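# Structural characterization, general
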Amino acid sequence: AANKAWSGRFNEPVSELVKRYTASVTFDCRMAEVDIQGSLAHATMLNRVGVLSDDDFRAIQSGMADILDDIRNGVFDWSVDLEDVHMNIERRLTEKIGDAGKRLHTGRSRNDQVATDIRLYLRGGIDATLRQIAEVQTSLVLLAEQHADTVMPGFTHLQVAQPVTFGHHMLAYVEMLGRDSERFADARRRVNRLPLGAAALAGTTYPIDRRMTAELLGFDGVCENSLDAVSDRDFAIEFTAAAALTMTHLSRLSEELIIWMSPRFGFIDIADRFCTGSSIMPQKKNPDVPELVRGKTGRVNGHLVALLTLMKGQPLAYNKDNQEDKEPLFDTLDTLSDTLRIYADMMRGITVKPEAMERAVRQGFATATDLADYLVKRGLPFRDAHEAVALAVRYAEDKKKDLADLSLIELQSFSPLIENSVFDVLTPDGSLAARDHVGGTAPAQVRAQVARWKEKLAL
Ligand code: ARG
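Residues numbered from 1 in each chain as written. Predicted model: local features only at pLDDT ≥ 70, side-chain atom pairs only at ≥ 80, totals over all residues.

Moving on, we get to the overall build of the protein. Counting secondary structure elements, the protein contains 20 helices and six strands. Compactness check: the protein gives a C-alpha radius of gyration of 30 Å against a globular reference of 23 Å for 459 residues, more than 25% above the reference. In terms of overall dimensions, the protein has C-alpha extents of about 100 × 50 × 40 Å along its principal axes. Relative to its full complement of 459 residues, the protein shows a buried share of 42%. (Helix = DSSP H or I, 4+ residues; strand = E, 2+ residues; numbered from the N terminus. Rg over C-alpha atoms; globule rule 2.2 N^0.38 Å. Buried ≥ 20, exposed ≤ 12 C-beta atoms within 10 Å, placed from the backbone.)

The following block contains the structure:
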C-alpha cells in the first residue's frame, strides 16, 4: 500500500475496511478542479510573499496543468489508499515535480483546504442554481402571459373557492421561486469567504497574505477566525435549507400538476416525454416526473436534517465528522439542478384545457362570494348577505344549477336587493375583473405582473 502522508508516527497500517471507511476520494474527487484552483492561488500567494521560490512555483504551475488535463480527460488514477482528493492530487504532483510538490502544503492544512474547496464548489453550484431558477420562472411567466384571461377554479381545501386565472396561479409559483433566488443569493454572500490561511485550526507561522489569496479566488473577504473557518459548515446547511424550500415549492406545483392531469380534473396535459405508461393498464399515462419531484423533495429534506445533525455535537475546531458533509451537499446540488432543468422544459410542454377549467368553475358556485359582495354593496350587512347567498346556493344545488343559471325571479326570492345587474357579477369573467388591485387575479393585474417579471428576468 502507498505510504500515507501522515503514516510516520504509526506502527501498523489501517485495515482495508478502515481504509475504505475513512476514505472520501470516491465522492470528493468531484472537487478536483477547485482543489487545483485553490492550490494554485495558495502557491501564487506563497511565491509573492517570498515563501516559495520562483522555480518551485513554476514547477507547481506546470505540474498542476498536466494533472488538470489528466483529470479532464478521465485518465487520472484515483487511489483510495491516498484517502481524499487533496492527497491524491498532491501525491501526483510530487511524483511529477519532486520536492516542489512537497512544498505546496507549506502554511496550509487539509482542514482549511477542504473548507476552501467546498466553498468554491458550492459557489459555482449556487450560480448555476440561480440561472436554473430563472429558467423555470421564464417558463412560468410565459405560460402566465398566454393564460392571463384563462379562468380556472381557485381552491381552498381542494374545493372550488373562487375563480382565478391560470396565469395568476402560475405567477404564484414565480413569486415563490423569486424568494428562493433571494435566499440562494444571500447564502452566496456567506459562502464566498476564504477559509484558507486558518491552516489546521490556529493559523500559521508563515507571513501569508490571506487577502491576496481571497482576491485570486474571487472571494469577497476572508473568514476572520481560524477556528470558525475550518470547522463550521453552516454555509452548506444554509444552502441545503434553501434547496429544501425550493424543492418544497416545486413539490407543491407537482402535486397540482398530478391532480390537474388526472382524468377527473382534466385541466392540463403533460407532454408524453415526461410521463410513462403502465405495463398492465393500457389506458395509463402517468405523471412520473412530477411524482418524482415530490419524492425527491423528501430526499433533500433528509439531507438538510443530516447536515444539521452532523454539526450539532461537534466541539471546535475540525473533526472528521465534517467529511460527511459532502455526499448530502452534492446530492442536494444534483437533485436540485436536475429538478430545475427538467421543470423549465416540462412547463413549456404542458397543454392547458380552458374548457375543463371553466366547467369546473361553473359547477362549484365559485361566484357565491361575488353575490354576497353584490348585496353588501347594496346595503346589506355582510353576515346577512352570507346567509342569503348560502340559501341561494342550497336552492341551486337542489335544482342542479349554477347560481348564474337561476332566473332573476328565483334570485330575488333570496333578497329584494337583487336586480338584473347581478348577472354581471355571477359570471366567472365578472368575478375576475372585479379583483382589480395589486396582487389580485383580474386579467389586467396578471398582465401587469407578467410585465414586471419579464423585466426582472430580462425577457
Ligand atoms: N477529506 C477530509 C474532509 O473531507 C479533508 C480534511 C481532512 N483533515 C484531517 N485532519 N483529517 O474533511
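For the rest of this paragraph, the subject is the packing of helix α3 (residues 32-48) against helix α4 (residues 54-72). In the contact formed by α3 and α4, the axes pass within 10 Å of each other and the chain directions differ by 170°. Compared by their axis directions, α3 and α4 come out roughly antiparallel. Residues Ala-32, Glu-33, Ile-36, Ser-39, Leu-40, Ala-43 and Asn-47 of α3 touch α4, and the partners they reach there are Asp-54, Phe-57, Ile-60, Gln-61, Met-64, Ile-67, Leu-68 and Ile-71. Per-class residue counts for the contact of α3 with α4 are ten nonpolar, three polar and two charged. (Axes fitted to C-alpha atoms, helices over the stretch in contact; angles between N-to-C directions. Parallel < 35°, antiparallel > 145°, perpendicular 65-115°, else oblique. Contact = placed C-beta atoms within 7 Å. Nonpolar A, V, L, I, M, F, W, Y, C, P; charged D, E, K, R; others polar.)

Next up on the list: the pairing of strand β1 (residues 151-156). Residues in a regular strand point their side chains to alternate faces of the sheet. Across six bridges, the pairing between β1 and strand β2 (residues 159-165) is antiparallel. Within β2, the position partnered with Met-152 by the bridge is Val-164. (Pairing = 2+ DSSP bridges.)

With that settled, consider the site of the ligand. Taken together, Ser-24, Asp-28, Asp-84, Arg-110, Asn-111, Val-114, Lys-320, Asn-322 and Gln-323 form the complete shell of residues around the ligand. Looking at the shell around the ligand element by element, the count peaks at three residues for helix α7 (residues 110-146). Its residues assigned to classes, the shell around the ligand comprises one nonpolar, four polar and four charged. Two domains each donate at least three residues to the shell around the ligand, and these are domain 1 (7-106) and domain 2 (111-358). (Near = placed C-beta within 6 Å. Domains from an automatic or database assignment.)

Moving on: the domain arrangement of the protein. Assigned domains within the protein: domain 1 (7-106), domain 2 (111-358) and domain 3 (363-456). In this structure, domain 1 and domain 2 have C-alpha centres spaced 32 Å apart. On the domain 2 side, the residues contacting the 18 residues of domain 1 number 19 residues. Listed by contribution, the elements that provide at least two residues to the side of domain 1 that touches domain 2 are α2 (25-28) and α3. Here the element with the most residues in the side of domain 1 that touches domain 2 is α3; it accounts for nine residues. In terms of residue class, the side of domain 1 that touches domain 2 is built from seven nonpolar, seven polar and four charged.

Inspection of the secondary structure puts Ala-388 in helix α16 (residues 382-398). Overall, the presence of 20 C-beta atoms within 10 Å leaves Ala-388 in the buried class. Residues Ala-388 and Leu-411, spaced 23 residues apart in sequence, show a C-alpha to C-alpha distance of 9.8 Å. If we skip the residues at most four places from it in the chain, Ala-388 touches Leu-375, Phe-414 and Ser-415.

Here the focus is the nonpolar core. Counting residues in each nonpolar core, the largest one holds 112 residues, and the members touching the most others are Leu-140, Ala-144 and Leu-371. A per-element tally of this core places helix α11 (residues 234-261) first, with 14 residues. The residues touching Leu-371, leaving out its near neighbours within four places in the chain, are Val-389, Ala-392, Leu-403, Val-422, Val-425 and Leu-426. (Core = buried A, V, L, I, M, F, W, Y, C linked by C-beta atoms within 7 Å.)

Per-residue pLDDT for the protein has a mean of 96; in total, 99% of the residues score no lower than 70. Interface scoring of the predicted complex returns ipTM 0.97; its pTM is 0.94. (pLDDT = per-residue confidence, 0-100.)

Looking now at the packing of helix α12 (residues 288-312) against helix α13 (residues 326-348). Relative to each other, α12 and α13 sit at 155°, their axes nearing to 10 Å. When the axes of α12 and α13 are compared, the pair comes out roughly antiparallel. Relative to α13, α12 is oriented so that their crossing is left-handed. Of α13, the residues touching α12 (which contributes Val-289, Val-293, Lys-296, Arg-299, Val-300, His-303, Ala-306 and Leu-307) are Pro-328, Asp-331, Thr-332, Thr-335, Leu-336, Thr-339, Ile-342 and Met-346. Of the residues belonging to the contact of α12 with α13, the class tally is nine nonpolar, four polar and three charged. (Left-handed = near helix turned anticlockwise from the far one by under 90°.)

Attention now goes to the UniProt feature "domain: Fumarate lyase N-terminal" (unreviewed entry) in the protein. Taken from the UniProt record, the annotation "domain: Fumarate lyase N-terminal" (unreviewed entry) applies to residues 8-302. Helix and strand shares over residues 8-302 are 62% and 7% respectively, and the end C-alpha atoms of the span are 39 Å apart. (UniProt positions renumbered as here; feature names shortened; annotations may be inferred.)

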